[in-house]
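# Analysis of the macromolecular model
So you can see what is in the structure, the chains are spelled out below.
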Amino acid sequence: MLKQARLSTRSKPKGVLTIGTNSDYRPNSFMNDNNELDGFDVSVAKELASRMGVKAEFVTPSWDIMTAGHWAGRWDVVIGSMTPTKKRAEVLNFPAVYYFDPAAVAVHKTAKYTKVEELDGKRVAAVVASTYEAYLKHDLKVDVEGMPPYTYKITPAEIVPFTDINPVPDLALGDGVRMDGLVYSLSIINEAIRNGLPIKLLGEPVFYEPLAIATDKGDPELDALVAKSIKEMKEDGTLSKLSLKWHHIDLATVK
C-alpha cells in the first residue's frame, strides 16, 4: 500500500488515485454502453492504480486545462495520451512514457490528394495545444529517448484550430467543408475508419510521438511510484497486451 503520498484532493480520503483523462478519444478513452469510461488509457490507469495499491477515480477536464499544470490537487495524474514536450515540462513532470503513437495525416474519402506534401498551402486542422498543432507550426519540441527523427512535410496556409479533443467527425463532413486535412493520432483515425467514417489516411505517419503519464510539479514520491509501476507493466508485457486489445497493434515500443 502507498504511504501518505499526495494521491487525492484534500476533500477525499487517501487511497484514491484521481486520474485526469479524455471522455471522447476512442479507443483510448470513451464512454461505453454502460456509461462508464473505457479504453486503452483507462485500462492503463486502472492497472496503474491497482499496482500502486489504491482505487482509480476519473475526472475529465478539458485538454488545455490538463496540459496547463498547476492542478491544485484537483487530480493526481493525467493518463490521456499526452506528449512530454519541453514547454509542458515547464509546468508538469513526465515520470513514464507508456506508448508511442504514430501521428498521421487524414483527408476525406473523396479527396484527390495522394501524398502528404499536397496539403501545402491548404487548410489543415489540429487540436489546440497539441503536438499535432506544434508540428504544423514547425515548432514541435520533443526530446525523448527512442523517438525516431522526423521532418516537417506540410506548410499549411491555415491551421484550423479545434478545442474539441476529437476533430475526426468534422473531417468526415466532406472534403474541404471544415478542413482539407487533419494531423492526428493514427490509432484514433484507424478506429474511425473501422467505424465507417468516410475518411482515409494519406501517406506514412509524419512522426512518432511518445505518450507519457503527467503529474503536477512537487510530488517526487508519486513520480517514483508511477515510474516503477509503468516499468513493471512494460517488462511483464501488460502494456503490450492492452495496446493489442485496444489498438490492434503493439504501440508499447517503436517498431
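Predicted, not measured: the structure shown is a model, and the values here were computed from it.

## Observations regarding the pairing of strand β12 (residues 207–216)
Across the 10 residues that make up β12, a large majority, nine, are buried. Two strands pair when backbone bridges link them, and strand β6 (residues 77–82) and β12 are joined in this way by three bridges, in the antiparallel orientation. Counterpart to Val-78 in the pairing with β12 is Ala-214. In this structure, strand β7 (residues 92–108) lies alongside β12, joined through nine bridges in antiparallel fashion. Residue pairing for β12: Phe-100 is matched across the bridge by Pro-210.

## Description of unusual backbone geometry
A cis geometry characterises the amide bond from Arg-26 onward to Pro-27, with omega recorded as 10 degrees. For Pro-27, the location among the structural elements is in the loop between β2 (24–25) and β3 (29–31). The phi torsion at His-248 lies on the positive side, around 65 degrees, for a residue other than glycine. Its location among the elements puts His-248 in the segment after α7 (238–247). For His-248, a relative accessible area of 51% corresponds to the exposed category.

## A word on the layout of surface pockets
The space that makes up the largest pocket amounts to roughly 420 Å³. Lining the largest pocket are 17 residues, with Thr-85, Lys-87, Arg-88, Ala-129 and Ala-134 sitting closest to its centre. Put simply, the parts of the chain that give the lining of the largest pocket at least two residues each are α2 (63–68) and α3 (131–136). Looking at side-chain class alone, the lining of the largest pocket contains five nonpolar, four polar and eight charged residues.

## Topic: the pattern of salt bridges
Under the defined criterion, the tally for this structure stands at nine salt bridges. Between Asp-236 and Arg-51 there is a salt bridge whose closest N-O contact spans 2.8 Å. Of this pair, Asp-236 sits in the loop between α6 (220–235) and α7 while Arg-51 sits in helix α1 (residues 40–52), and the two are 185 residues apart along the sequence. For Arg-51, a relative accessible area of 30% puts it in the partly exposed group. Among the salt bridges present, the one from Lys-231 reaches Glu-235, with a minimum N-O distance of 2.5 Å. In this pair, Lys-231 and Glu-235 both sit in helix α6, four residues apart, roughly one turn of the helix. Residue classification places Glu-235 among the exposed positions, given a relative accessible area of 58%. Members of the salt-bridge network, linked through shared partners, are Glu-47, Arg-51 and Asp-236.

## Points about α7
Considered for burial, the residues of α7 that qualify are Thr-238, Leu-239, Leu-242, Ser-243, Trp-246 and His-247. Looking down the long axis of α7, one finds its buried residues gathered within 130 degrees of arc, a one-sided arrangement. Exposed residues pointing more than 90 degrees away from the buried face of α7 are listed as Lys-241 and Lys-245. Looking at the buried positions of α7, the neighbouring elements they touch are β3, β4 (37–38), α1, β7, α5 (186–194) and α6. Looking one or two places after α7, you find His-248, whose phi comes out positive at around 65 degrees.

Parameters at a glance
- Residues numbered from 1 in each chain as written.
- Predicted model: local features only at pLDDT ≥ 70, side-chain atom pairs only at ≥ 80, totals over all residues.
- Heavy atoms only, no water.
- Buried < 20%, exposed > 50% of the residue type's maximum accessible area, 1.4 Å probe, protein only.
- Helix = DSSP H or I, 4+ residues; strand = E, 2+ residues; numbered from the N terminus.
- Pairing = 2+ DSSP bridges.
- 1 Å grid on protein atoms, 1.4 Å probe; cavity = no way out; pocket = protein on both sides within 12 Å on 5 of 7 lines; lining within 4 Å.
- Points joined across faces, edges and corners; volume = space filled by probe spheres on them.
- Nonpolar A, V, L, I, M, F, W, Y, C, P; charged D, E, K, R; others polar.
- Salt bridge = Lys/Arg side-chain N within 4 Å of Asp/Glu carboxyl O.
- Arc of directions from axis to C-beta.
- Contact = heavy atoms within 4.5 Å.

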